[in-house]
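Structural overview for review
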Amino acid sequence: MSAVASKPLHYLGIDLGSSYTKFAVLDQAGKIAHKAVVPTLSRRRTDFDRQMGLISERFSIARVCSTGYGRKNVTADLQKTELICAAAGVSVFHPVRKCILDIGGEDIKIIESDERGGVVHFFMNDKCSAGTGTFITEIAERSELDIAEMSELARRSTSKRVMNSFCTVFAKSEILGWKFAGTPIEEVARGIYLSVVDRICKLPLKRDLPLYVCGGVIAYHPYLGELLAEAIGTDVHVVTDPQYTVAVGAEAMARNWKAGIPAIDEPAKRMNKTLGGA
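All figures in this text were calculated on a predicted structure; none of them were measured in a lab.

**Concerning the sheet that holds strand β7 (residues 108-113)**
Pairing is mixed across the open sheet formed by five strands, whose spatial order is β8-β7-β6-β9-β10. Since the sheet does not close on itself, it has two edges, and those belong to β8 (119-125) and β10 (236-238), each with one partner. Strand-to-strand twist in this sheet, taken as the mean axis angle between neighbours without regard to direction, amounts to 20°. With six bridges joining them, β7 and β8 adopt antiparallel strand pairing. Following the sheet pairing, Glu-112 is matched in β8 by His-121. Contacts from helix α8 (residues 223-232) reach β6 (98-103), β9 (211-214) and β10 within the one sheet, and its direction differs from that of β10 by about 160°.

Written as structure tokens, this is what we have:
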């Protein structure tokens, strides 16, 4: 993207997730100037191209960093893994040592991050969709639940009943049994959330560190954060605009990049220790 001299410089982070693509434009001081989300690349790329055109018209973009599953499929100056960008994105606004829980469409990431956004340790649950956005969406559809109403419905129930099946296929069969038994829809919604919480609690969370939650799932299912806090017995901090956290982290990588630092990361390579490293 060519810079227009009359406009102040901005930096663009693009997070191409499994379900949605998020854009974050920040200025040189790290203030968000623009954000947007579109369905992840379709064959026609119409929504993506329209958003890129709008950004080009409004801003002088000095550097672009792409991240997410589709990061290699767009033109960018840098390509960084979601792990690095999630840590960087949370650290833009929360520069403390922390544990980050990123619940995405197809995986769950647990990241221990230092104050500067470097990745210390990480764990990825990417072999199964249990507890992810895909799991919730598919079970909700089988339950005839509107995703937009799930949190409010679940909040009305006090049931402790948990969906026992982590596997999406088996969970669909289990939820049919609940429907045949006439289980109230509020109890179904809460049971789905409790199943996700149960799954997360079995993962290696760093409970001695403050926990920050990001990702599209917590953005659309806020009550999930409340149930998680009850289950682990500590505060759960849901970051502002959690769906855009990784895109903001990609922007931070672009803004802090320095000549001589590798522009492309691969998952097998050592995780970076600072916002500008790789």
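**Here we look at helix α1 (residues 46-58)**
When the terminal C-alpha atoms of α1 are compared, their 19 Å separation across 13 residues agrees well with the 18 Å that a helix rising 1.5 Å per residue should span. All buried positions along α1 are accounted for by Phe-48, Gln-51, Met-52 and Ile-55. Seen along its axis, α1 keeps its buried residues to an arc of 100°; they face one direction. In α1, those exposed residues whose orientation departs by more than 90 degrees from the buried face are Arg-50 and Glu-57. The inward-facing, buried residues of α1 contact β1 (9-16), β2 (20-27), β3 (32-39) and β4 (60-68).

**Observations concerning the nonpolar core**
Where a protein is soluble and globular, its nonpolar side chains tend to be buried together. Leu-101 and Leu-211 are the most contacted members of the largest nonpolar core, which has 38 residues in total. Among the elements that take part in this core, helix α6 (residues 185-201) stands out by supplying eight residues, more than any other. Setting aside residues up to four positions removed in sequence, Leu-101 forms contacts with Ile-108, Lys-109, Ile-110, Ile-200, Leu-205, Leu-211, Tyr-212, Val-213, Cys-214 and Leu-228. Ranked by size, the runner-up nonpolar core spans 20 residues in total, among them Leu-83, Ile-84, Ile-100 and Tyr-212.

**What to know about the side chain of Thr-183**
Considering the arrangement of structural elements, one finds Thr-183 in the loop between α5 (168-180) and α6. Thr-183 has contacts with Arg-161, Trp-178 and Val-188, leaving out every residue within four places of it along the chain.

**Side note on the environment of Ile-61**
With respect to the element layout, Ile-61 can be found in strand β4. Sequence spacing of Ile-61 and Lys-7 is 54 residues, and the spatial spacing of their C-alpha atoms is 9.3 Å.

Criteria and thresholds
- Within each chain, residues carry numbers counting from 1 in the order of the written sequence.
- Local features in this predicted model are restricted to residues whose pLDDT is 70 or higher, and side-chain atom pairs enter the listing and the counts only when it is 80 or higher, whereas totals over whole chains, interfaces and linings include all residues.
- Heavy atoms throughout the structure, all of them, feed into the side-chain values; hydrogens and water do not.
- Two strands pair under a simple rule: DSSP has to find at least two bridges between them.
- Put simply, DSSP H or I for four residues or longer makes a helix, DSSP E for two residues or longer makes a strand, and each gets a number counted from the N terminus.
- Throughout, an axis means a line fitted to C-alpha atoms (over the contacting stretch in the case of helices), and angles, computed between N-to-C directions, take values from 0 to 180 degrees.
- A contact between two residues is defined here by any heavy atoms of the two lying within 4.5 Å.
- Under the convention used throughout, the expected extent of a helix is 1.5 Å for every residue step, that is, one less than its residue count.
- Classification of residues uses two cut-offs on accessible area relative to the type maximum, computed with a 1.4 Å probe and protein chains only: under 20% is buried, over 50% is exposed, and between them is partly exposed.
- What the arc measures is the spread of directions leading from the helix axis to the C-beta atoms.
- Only buried Ala, Val, Leu, Ile, Met, Phe, Trp, Tyr and Cys residues count toward a nonpolar core, and they belong to the same one when joined by side-chain atoms within 4.5 Å.

Interpretation in functional terms is not warranted from these geometric data alone.
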